[in-house]
There are 2 protein chains.
Amino acid sequence: MSIQDAHSISLQCGACPIRHRAVCARCETDELALLEEIKYYRSFEAGQTVAWAGDKMDFVASVVSGIATLTQTMEDGRTQMVGLLLPSDFVGRPGRETAAYNVTATTDLLMCCFRKRPFEEMMMRTPHVAQRLLEMTLDELDAAREWMLLLGRKTAREKIASLVAIIARRDASLKLRSPQGRMVFDLPLTREAMADYLGLTLETVSRQISALKRDGVIELQGKRHVTIPDFDLLLTEAGDDNDGGYLT
Amino acid sequence: MSIQDAHSISLQCGACPIRHRAVCARCETDELALLEEIKYYRSFEAGQTVAWAGDKMDFVASVVSGIATLTQTMEDGRTQMVGLLLPSDFVGRPGRETAAYNVTATTDLLMCCFRKRPFEEMMMRTPHVAQRLLEMTLDELDAAREWMLLLGRKTAREKIASLVAIIARRDASLKLRSPQGRMVFDLPLTREAMADYLGLTLETVSRQISALKRDGVIELQGKRHVTIPDFDLLLTEAGDDNDGGYLT
DNA sequence: CGGGGGCTTGATAATACTCAATCCGGGTGG
DNA sequence: CCACCCGGATTGAGTATTATCAAGCCCCCG
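What you see is a predicted model, and the numbers here were worked out from it, not measured in a lab. (Residues numbered from 1 in each chain as written. Chains lettered and ligands numbered in written order. Predicted model: local features only at pLDDT ≥ 70, side-chain atom pairs only at ≥ 80, totals over all residues. Heavy atoms only, no water.)

A. Region of the structure containing the UniProt feature "domain: HTH crp-type" (unreviewed entry) in chain A. UniProt marks residues 154-232 of chain A with the feature "domain: HTH crp-type" (unreviewed entry), using the numbering shown here. With 53% helix and 14% strand, residues 154-232 of chain A has end C-alpha atoms that lie 18 Å from one another. (UniProt positions renumbered as here; feature names shortened; annotations may be inferred. Helix = DSSP H or I, 4+ residues; strand = E, 2+ residues; numbered from the N terminus.)

Shown next, in the form of structure tokens:
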């Protein structure tokens, strides 16, 4: 999906790559037709800002392709990432007028947007959108709580290992594989973005990546391309409980 | 509301102190009647565990009075609080069989419980419960993201000031006041619980409380009773943006 | 070949942690 | 009634981890 496409085509919902996971996943054919009427596509280049915290935001959207981040900043410039949005993830809050966070495209990004007002009306009338949104929000809350454990209690090394594991898992799920054994993928984030995710400085990120490489937990081809020789080892380094769970 | 009451009386929803803020806030009279049928009260003493992570949990609940915490722990014992539940807050996730976190009563606690199955059925049939739950979950997600900024980027001093401000705000909202000027209230958490909230050690919590006291940002009567001479000063210490916002 | 962004590495400093001793206040049992 | 005890809290000394400041590298691209 190239950037230009966004202006020239109107993707059919039935053929949408995120159809089965997005906020519209539960919709019936007739509901989909309603969504089809109010949706439009917007694209952003890597690095572009989608919205600034406090901006009026008159749409909500699903990420179709690419990656976006939600970040919060303090007056002195300290910034913390509070959301990492991958394809099918939802942006914006029904019932809120302004953006609560900075939304930034970290790769080229395509979003499926709905004007807020019609979307809210649709949520009132049909239950399936609201049901799916609740489910997705609960999942996000769980992810946020996992993230809080990482931020509050993990060491720098564990934080890096955790982030690599998270990305590995998401990549595997995209490829419909189970995360285990040897895995190969790309890091979609700069060292600075990783630092903002993990509550570290970019120097510490760099050092710990080097350390994990030295210790054979990860292998690097270039700066971004990663090989995990042993996913379980990575999980151990992340401080995650990787024994048990599969017997229940 | 004493502990004994939980076993002897069945509070009428119409007279419930959290009626206007809880998951049932939007319910009509007839929906309330349905809830009334499936609800029951449970009480816990301060310190008791409501559920362990991984336990089967066959109910969801609203906190009626008292305070509970959600915590996550790593194998080596490091623990991070990921939720602080005050009256009207909701516990449990529809559609999930087991508890995802440790739920602990930090004060005497009264909960209004619904067996999961009937509650889920009710969510399917009537929209008002699901709508309110979505709203509450979105609010919690916002709070979690604010919390992430705190954990990832704030100094120990800022963390303490932030926590005191959060508690002050909630206490004010309970008393239907706006948070400003001079404020007096109790800290409902031990130093250790604060440390788990903030991702610090209890020694650091203690030291920073002493420092804020020394600097006149807070005053203490005993260990728990706090006076804030100037709420704006506290917000400044918390690193929060306290100018602007009230003009929009 | 030069420039620049992203990244790495090094030296030093600051913040928060660890280990340890002591304090305080409230409840209990002699 | 008072001494004791205990959990929670405070304070101190020394250490470790991570941040800060700074220099330089790598690789792509013009």
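So much for the structure itself; the text now carries on.
B. Quick peek at the relation of the copies chain B and chain A. Rotating chain B by 180° and translating it 0.0 Å along the rotation axis places it on chain A, where the RMSD comes to 0.0 Å. When the rotation and shift are considered jointly, the pair of chain copies conforms to a two-fold rotation axis. Here 100% of the interface residues in chain B have copies in chain A that are interface residues too; the copies meet face to matching face. (Least-squares fit on C-alpha atoms with pLDDT ≥ 70 in both. Contact = heavy atoms within 4.5 Å.)

C. Region of the structure containing the interface of chain B and chain A. Counting residues at the interface gives 44 residues for chain B and 47 residues for chain A. Of the roughly 4000 Å² buried where chain B meets chain A, counting both sides, 54% is carbon and sulfur surface. Taken as a group, Arg145(B), Met148(B) and Arg153(B) account for 20% of the area that chain B buries against chain A, more than any other trio of residues on that side. At the surface where chain B touches chain A, the tally comes to 12 salt bridges. Our count for the chain B to chain A interface comes out at 26 residue pairs in polar contact (both at pLDDT 80 or more). Elements supplying a minimum of two residues to the side of chain B that touches chain A: strand 4 (68-73), strand 5 (79-85), helix 3 (116-125), helix 4 (127-153) and helix 6 (191-198) of chain B. Counting residues per element, the side of chain B that touches chain A draws most heavily on helix 4 of chain B, at 20 residues. Within the side of chain B that touches chain A, the residues separate by chemical class into 19 nonpolar, 9 polar and 16 charged. (Buried area = accessible area lost by both parts, 1.4 Å probe. Salt bridge = Lys/Arg side-chain N within 4 Å of Asp/Glu carboxyl O. Polar contact = N/O pair within 3.5 Å; in protein donor to acceptor, adjacent residues only side chain to side chain. Nonpolar A, V, L, I, M, F, W, Y, C, P; charged D, E, K, R; others polar.)

D. Region of interest: the domain arrangement of chain A. Residues and elements named next belong to chain A. If you check the domain split of chain A, you get domain 1 (5-149) and domain 2 (155-238). Across the boundary between the two partners, domain 1 contributes 10 residues, which contact 8 residues of domain 2. For the pair domain 1 and domain 2, the two sides together bury roughly 900 Å², of which 61% comes from carbon and sulfur. On the domain 1 side of the contact with domain 2, Met81, Leu84 and Trp147 bury the most area, a combined 44% of that side's loss. Linking domain 1 to domain 2 there are 0 salt bridges. In this assembly, domain 1 and domain 2 are joined by 5 residue pairs in polar contact (both at pLDDT 80 or more). The leading source of residues in the side of domain 1 that touches domain 2 is strand 5 (residues 79-85), at 4 residues. Across the side of domain 1 that touches domain 2, the residue classes tally to 5 nonpolar, 4 polar and 1 charged. (Domains from an automatic or database assignment.)

E. Just the protein's contact with DNA strand C, in detail. Taken together, 17 residues lie near DNA strand C, and Arg191(A), Ser206(A), Ser210(A), Ala156(B) and Thr204(B) sit nearest. When the atoms of DNA strand C within 4 Å of the protein are sorted by group, sugar and phosphate make up 62%. Between a phosphate oxygen of DNA strand C and a side-chain N or O atom of Ser210(A), the distance comes to 2.7 Å. Between DNA strand C and the protein, one listed contact pairs a phosphate oxygen with a side-chain N or O atom of Arg224(A) at 3.3 Å. Mapped onto the surface near DNA strand C, the elements with two or more residues apiece are helix 7 (202-214) of chain A together with helix 7 (202-214) of chain B. When residues of the surface near DNA strand C are assigned to their parent elements, the largest contribution, 5 residues, is made by helix 7 of chain A. (Near = heavy atom within 4 Å.)

F. Inspection of the packing of helix 5 (residues 156-174) of chain A against helix 7 of chain A at higher detail. All names here are of chain A. As a packed pair, helix 5 and helix 7 sit with axes 9 Å apart at the nearest point and diverge in direction by 75°. Taken together, the axes of helix 5 and helix 7 are roughly perpendicular relative to one another. Together, Ala156, Arg157, Ile160 and Ala161 of helix 5 and Thr204, Val205, Gln208, Ile209, Ala211 and Leu212 of helix 7 make up the contact between the two elements. (Axes fitted to C-alpha atoms, helices over the stretch in contact; angles between N-to-C directions. Parallel < 35°, antiparallel > 145°, perpendicular 65-115°, else oblique.)

G. Looking closely at the sheet that holds strand 4 (residues 68-73) of chain A. All names here are of chain A. Pairing is antiparallel in the open sheet, where 4 strands are placed in the order 2-7-4-5. Every interior strand has two partners, whereas the edge strands, strand 2 (49-51) and strand 5, have only one. Across the sheet, the mean angle from the axis of one strand to that of its neighbour is 30°, orientation sign disregarded. For strand 4 and strand 7 (residues 102-105), the ladder comprises 4 bridges, and the chain directions are antiparallel. By the bridge assignment for strand 7, Thr71 is matched with Asn102. (Pairing = 2+ DSSP bridges.)

H. Representation of unusual backbone geometry. Positive phi outside glycine occurs at Ser88(A), with the angle close to 90°. With respect to the helices and strands, the residue Ser88(A) is situated in the loop between strand 5 and strand 6 (90-91). You can call Ser88(A) buried: its relative accessible area is 2%. Phi at Leu176(B) is positive, roughly 60°, even though this residue is not glycine. With respect to the helices and strands, Leu176(B) occurs in the loop between helix 5 (156-174) and strand 9 (183-186). Residue classification places Leu176(B) among the exposed residues on the basis of a relative accessible area of 80%. (Buried < 20%, exposed > 50% of the residue type's maximum accessible area, 1.4 Å probe, protein only.)

I. Quick look at the environment of Lys213(A). All names here are of chain A. If you trace the backbone, Lys213 turns up in helix 7. By relative accessible area, which is 41% here, Lys213 ends up partly exposed. Residues Lys213 and Glu135 lie 78 residues apart in sequence; the distance between their C-alpha atoms is 37 Å. Not counting the four nearest positions on each side in its chain, Lys213 is found in contact with Ile218 and Leu220.

J. Quick peek at helix 3 of chain B. All of the buried residues in helix 3 of chain B are Lys116(B), Pro118(B), Phe119(B), Glu120(B), Met122(B) and Met123(B). Contact partners of the buried residues in helix 3 of chain B: helix 4 (127-153) of chain A together with helix 2 (29-38), strand 3 (59-65), strand 6 (90-91), strand 8 (109-115) and helix 4 of chain B.

K. Looking closely at the side chain of Thr69(B). Along the chain, Thr69(B) falls in strand 4. Non-local contacts of Thr69(B), meaning those with residues more than four positions away in its chain, are made with Met81(B), Gly83(B), Leu84(B), Asn102(B), Val103(B), Thr104(B) and Thr106(B).

L. Geometry of the protein's contact with DNA strand D. Close to DNA strand D lie 17 residues; Thr204(A), Arg191(B), Ser206(B), Arg207(B) and Ser210(B) are nearest. In DNA strand D, atoms within 4 Å of the protein come from the sugar-phosphate backbone in 60% of cases. Between Ala156(A) and DNA strand D, the recorded distance is 2.8 Å, taken from a backbone N or O atom to a phosphate oxygen. Within the side chain of Ser206(B), a nitrogen or oxygen atom sits 2.7 Å from a phosphate oxygen of DNA strand D. Those elements that provide at least two residues to the surface near DNA strand D are helix 7 of chain A together with helix 7 of chain B. For the surface near DNA strand D, the leading source of residues is helix 7 of chain B, giving 5 residues. Tallied by class, the residues present in the surface near DNA strand D amount to 3 nonpolar, 7 polar and 7 charged.

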